[in-house]
Amino acid sequence: MKKMVCVMMTAVLLAIPFTSASAQTNPDTVKEKAQVLASKMVSDYGVGGIQYAIRDHGSVVLSDSAGVYDHATKQPVTRDTMFGIGSVSKMYVSAATMKLAESNQIDIDKPLTTYIKNFKMADPRYTKITPRMLLNHSSGLYGSHYGNSMLFDDNDTQNHDELLAKLRSEHLKSDPGQFSVYCNDGFQLLELLVERVSGISYSQFLETYFSKPLHLTSTKTPLDSFDRNKLAKTYLPGLDKALPVENSNVIGTGGLYSTAEEVSKFAEVLIGNSTAILSEKSAIAMQSDEYRKGIWVPEETNTTNYGLGWDAVRLAPFDDYGITALSKGGDTFMYHAVLTTLPEYDISIAVLSSGGTSIHNTIFSSNILLDYLKTKGIIKKILPEKTFQPPVKTDMPADLSAYSGLYGTVGTTINVKIKDGEIDLPALNGGFIPPQTYLYTGSGQFKNREGNLIVSFDKAKNGKTYLKLNAHLNFPGLGQIVMVTYEFHKLNPNLLNPTTKKVWEQRNGKRYFALDEKITSLQYLNQALVSKEIAVDSEQGYASGTKIVSGNTAVNAAAIPILSGRDAFDLNFYKKNHEEYLTINGQSFIREDAIESFSQGNSSIRRIPSNGQAVWYKIDKKSANRELTVKTPDSGGFAVYDAKGTLVNFSKISNNHSVVLPEGGKIVFGGKKGEVFKIHLKSN
């Protein structure tokens, strides 16, 4: 779920080396170091509250926090404060799947259709998908159906209930098992698998087989009854008022709430120390090098190398010490988490936060674990972080120019021009790396001017050429992280006939607005998440990273392992009442040109149509700069954006039903079908 967070807030890379603190000599200094880093997270990295716990051989040896639970009262985070744990939730559905397997209720290498009889897709290859492929991200599924999943104070199960119906009309982006690329839908299918095989809801399964025997009193799902006041409050930058409770209703992939101590306790299951719940054999199987079964970067030192459920089964920098570290991170809009465990030493750390990112939490957890290992004498010293020198540009072999051309990733295409030994590239790694120039330094490598980023080209066994990034990212006051990924792959030109070309050129730069997203959705916090701008390269035959195949259809073109190929989509356009609409992942969007102006008198009524879709309006000159007051139904709400798409008011979080309308902006009303909104526009 991390990509959604990158859209919400772009993290700025500050490439200033940071040297780890000197070696610690006792547990008290580990605690002090943790507090220093936690305070840094709060002061400099957008964290409101952070909670962390280290468990050693089953006992909590460090449990602490920083920041506040509530800005208004300044009440601190405590060991009992609950947080959303995002995709760390995947480890729970992974363990549930393995539990069913060890009791011979399923075989993770049999087709998924064996257990979910009504799982069907438009692509015949779907019959080859197995539970193992869901666990290791190699199913070939497009990635994520986020629609109506992340909701304020709303535990609607629509996303869960409609997933199979949406998949029925969809295709795969690769052969099942060909390569692993992060896939949320796979873990939603595992949730359904657990329910079908066990005969009980997933929430009941977790409570019965995990929470009760482990005495996890604070590990809950949005469907559970518990005191929501225990959840750390969340905030938007610049807004002091706490947001309503965030429900991540994709429970298998990212919907659990918990505490750092309880997440670290569940780690005992994952490393084979709670054999009454999950056998050691199953725990070890989850740690296998699943990523190597398909196409992957050749480097072993990395932050991502998938096991079954795990993001990493060889987490850097622990491999530099000959230590196996397992890790799983997670992000929702508002909560962020990481679990890192060292199975051979029975040591685990969980770090949960409101605000920030799981990347920051991962750096925090790695640094504190290394200090703890030094204190215990498991490692003699902490190795210095990698340092880099500005590159020395050398003459580039002429044959490397052949790598110039069109490249694509999910959502975009770029023209890579290699000229005079230099490449200019856009932002990479989800925005953590800004646009910059890379210089040829020999051995097929291009480096940025600081020397910490390396770009090269790999031709994989599937015949595709990938642009590879090897990045050491430095975060001042926190530390360093290494990420090796394939960012783009080379595309062939897709020549269009004149008629198709003309149709698509008319869509270039046009924006389409979501109709099916509930008004309780967190996506309304950012207009970019409830709209889609189409970028068309008609000369090459691509649109927003998809390959144009007809006048109204473009299909995913990205087949990229690891992370950059995740959350793929097709574009399907259609006409209704002479207006153009767009469907992406089963959700409808209306073209901006078709949106009516909001200028119909001082007082009127707006009604949600019988299909329950949201209603968008443009704010024209007649309505602009006038105060709007809206009387909404209980389940309804509205959001207002200015001409740049910046959120001006969202009634579901502000409870403010009056707003001055900005010229050139948009207003959207949402609620249940047939519900009425009474509105009044104050005269100028």
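Quick note: structure is the one above.
All figures in this text were calculated on a predicted structure; none of them were measured in a lab.

Colleague: Describe the overall build of the protein, and please don't skip the residues or the numbers.
Modeller: A tally of helices and strands in the protein yields 13 helices and 37 strands. The C-alpha atoms of the protein give a radius of gyration of 25 Å, which matches the 26 Å a tight globule of 684 residues would have. Seen along its three principal axes, the alpha-carbon backbone of the protein occupies a region of about 75 × 65 × 50 Å. Relative to its full complement of 684 residues, the protein shows a buried share of 60%. In the form shown here, the protein has an accessible surface area of approximately 26,200 Å², with 49% of it arising from carbon and sulfur atoms.

Colleague: So what's going on with the nonpolar core? Which residues, and what values?
Modeller: Ranked by size, the top nonpolar core spans 131 residues in total, and within it Phe119, Leu141, Leu189, Phe266, Tyr524, Leu571 and Trp616 carry the most contacts. Here this core gets eight residues from one element, more than from any other, and that element is helix α3 (residues 90–102).

Colleague: Describe the packing of aromatic side chains, naming the residues involved and giving the relevant values.
Modeller: Counted under the stated rule, the structure contains 30 aromatic pairs. Their ring planes at 85° and their centres at 5.3 Å tell us that tryptophan 504 and phenylalanine 573 sit as a pair that is edge-to-face. Pair noted here: tryptophan 504 is in helix α12 (residues 498–505) and phenylalanine 573 is in strand β26 (residues 571–576), with a separation of 69 residues, a long-range link. In this pair, the class of tryptophan 504 matches that of phenylalanine 573, namely buried. A network of ring pairs unites the aromatic residues Tyr92, Phe205, Tyr209, Phe210 and Phe266 as a single cluster. Across from the ring centre of phenylalanine 187, 5.5 Å away, lies the NZ or CZ of lysine 90, which sits over that ring. The residue whose ring lies beneath arginine 507 is phenylalanine 573, and the NZ or CZ to ring-centre distance is 4.0 Å.

Colleague: Give a detailed account of helix α11 (residues 358–376), specifying residues and quantitative values.
Modeller: If you check α11, its first and last C-alpha atoms are 26 Å apart, about what 19 residues at 1.5 Å a residue would give, namely 27 Å. Burial runs high along α11: 17 of the 19 residues are buried. Two or three places before isoleucine 359, at the start of α11, stands the capping residue threonine 357, its side-chain oxygen 3.2 Å from that residue's backbone nitrogen. Positive backbone phi, approximately 85°, marks glycine 377, located one or two places after α11.

Rules of the game
Residues numbered from 1 in each chain as written. Predicted model: local features only at pLDDT ≥ 70, side-chain atom pairs only at ≥ 80, totals over all residues. Heavy atoms only, no water. Helix = DSSP H or I, 4+ residues; strand = E, 2+ residues; numbered from the N terminus. Rg over C-alpha atoms; globule rule 2.2 N^0.38 Å. Buried < 20%, exposed > 50% of the residue type's maximum accessible area, 1.4 Å probe, protein only. Areas by Shrake-Rupley, 256 points an atom, 1.4 Å probe, with all protein chains shown as cover. Core = buried A, V, L, I, M, F, W, Y, C linked by side-chain atoms within 4.5 Å. Phe/Tyr/Trp six-rings, centres within 6.5 Å; stacked < 30°, edge-to-face > 60°. Lys NZ or Arg CZ within 6 Å of the ring centre and 35° of its normal. Expected span 1.5 Å × (residues − 1). Polar contact = N/O pair within 3.5 Å; in protein donor to acceptor, adjacent residues only side chain to side chain.

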